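The residues making up each chain are set out below.
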Amino acid sequence: MARAFTRESDNESLDEIVVEPKEVLPPGVKNYITPEGARRLRADLGSLVDERPHLCEAIGEEPEPADKKRLRKLDRKIRYLDERVSGLEIVEPPGKIPDRVVFGATVTVADEDGIEKSYQISGVDETDPDNGKISWISPIARALTSRAVGDEVQLDLPRGRVVLEILKIE
């Protein structure tokens, strides 16, 4: 039987299907994060938890399907962040400037054209490539980790092989 004309309430059970985000980390790998990243993640979780009662109050006792969907979406975000926060492994920054690239360090590199970029090796939950924060499991971070100033690393990228020279570690 065709279902061309249905009420939204008929599809309510379809909305119940929750697609959880895929894990970024392979199973069994610890979720390393900087102290700053952990604070930010916990603050995000706290603001969502604080938002929930206000949303429930705004929805009222007879929520529309769109309101129910918003609430389920918020609950999924809260569950997801709660799971992420509970499994964090906070890595304190090194006490002194490291002589090798380590988790939490900011490393400045130059490519073959002399173009410089800085990257902070950070946790998967705090990556922000536009601001230079890359995940410790990314190909660039893996290539740079344990290297020293003056070392050259080769990366095979979709556009071809790139050679980066490490200029500075902070």
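In this text the structure is predicted, and so the values were computed from the model without any measurement.

Quick notes on the rules
Residues numbered from 1 in each chain as written. Predicted model: local features only at pLDDT ≥ 70, side-chain atom pairs only at ≥ 80, totals over all residues. Heavy atoms only, no water. Helix = DSSP H or I, 4+ residues; strand = E, 2+ residues; numbered from the N terminus. Buried < 20%, exposed > 50% of the residue type's maximum accessible area, 1.4 Å probe, protein only. Contact = heavy atoms within 4.5 Å. Areas by Shrake-Rupley, 256 points an atom, 1.4 Å probe, with all protein chains shown as cover. Pairing = 2+ DSSP bridges. Axes fitted to C-alpha atoms, helices over the stretch in contact; angles between N-to-C directions. pLDDT = per-residue confidence, 0-100. Expected span 1.5 Å × (residues − 1). Phe/Tyr/Trp six-rings, centres within 6.5 Å; stacked < 30°, edge-to-face > 60°.

### Looking at the overall build of the protein chain
And then number 1: Within the protein chain, the regular secondary structure consists of four helices and seven strands.
And then number 2: Counting helices and strands in the order they occur from the N terminus, the protein chain gives α-β-α-α-β-β-β-β-α-β-β.
And then number 3: For the protein chain, the proportion of its 170 residues judged to be buried stands at 32%.
And then number 4: Within the protein chain, residue pairs in contact and separated by at least 24 positions form 55% of the contacts whose partners lie at least 6 positions apart.
And then number 5: Of the roughly 11,500 Å² of accessible surface on the protein chain, a fraction of 51% belongs to carbon and sulfur atoms.

### Observations concerning the sheet that holds strand S5 (residues 133–135)
And then number 1: Taken together, the five strands give an open sheet; going across it, the order is S5-S4-S3-S7-S6, and neighbouring strands pair in mixed fashion. Here the strands that pair on one side only, and so sit at the sheet edges, are S5 and strand S6 (152–157). Across this sheet, the average inter-strand angle for adjacent strands is 45°, counted without regard to direction.
And then number 2: Sheet analysis places S6 next to strand S7 (residues 160–169), joined by six bridges and oriented antiparallel. Bridge pairing in S7 links Glu-152 to Glu-165.

### Overview of the pairing of strand S3 (residues 106–110)
Each regular strand carries side chains that alternate between the two faces of the sheet.
And then number 1: For S3, a buried count of four out of five residues is recorded, marking the element as mostly surrounded by other parts of the structure.
And then number 2: With five bridges connecting them, S3 and strand S4 (residues 116–122) associate as antiparallel partners. When the sheet's bridge partners are listed, Thr-108 is paired in S4 with Ser-118.
And then number 3: Linking S3 back to S4 in an antiparallel pair, the connection comprises five residues, with Gly-114 at a positive phi of about 85°.
And then number 4: With four bridges connecting them, S3 and S7 associate as antiparallel partners. Across the sheet, Val-107 pairs through a bridge with Ile-169, a residue of S7.

### Here's the deal with the confidence of the model for the protein chain
And then number 1: In this model, the protein chain carries a mean pLDDT of 84, and residues with pLDDT of at least 70 account for 86%.
And then number 2: Here residues 1–22 scores under 50 on pLDDT; set against residues more than four positions off or in separate chains, the count is 12 contacts.

### With respect to helix H3 (residues 65–86)
And then number 1: Counted at 1.5 Å a residue, the expected span for H3 with its 22 residues is 32 Å, and the 31 Å between its end C-alpha atoms agrees.
And then number 2: Where H3 is concerned, the buried positions are Asp-67, Leu-71, Arg-72, Leu-74, Asp-75, Ile-78, Leu-81, Arg-84 and Val-85.

### With respect to the packing of aromatic side chains
And then number 1: Taken as a whole and assessed by the stated rule, the structure comprises two aromatic pairs.
And then number 2: The interplanar angle of 55° and the centroid separation of 6.3 Å between the aromatic rings of Tyr-32 and Phe-103 together place this pair among those described as tilted. Linking Tyr-32 in strand S1 (residues 31–33) with Phe-103 in the loop between strand S2 (88–90) and S3, this pair joins segments that are 71 residues apart in sequence.
And then number 3: The exposure class assigned to Phe-103 is buried, which follows from its relative accessible area of 16%.
And then number 4: Taken together, a centroid distance of 5.2 Å and an interplanar angle of 70° make the contact between Tyr-32 and Trp-136 edge-to-face. Of the two residues, Tyr-32 sits in strand S1 while Trp-136 sits in the loop between S5 and helix H4 (139–144), which places them 104 residues apart along the sequence.
And then number 5: Residue Tyr-32 is classed as partly exposed on the basis of its relative accessible area of 28%.

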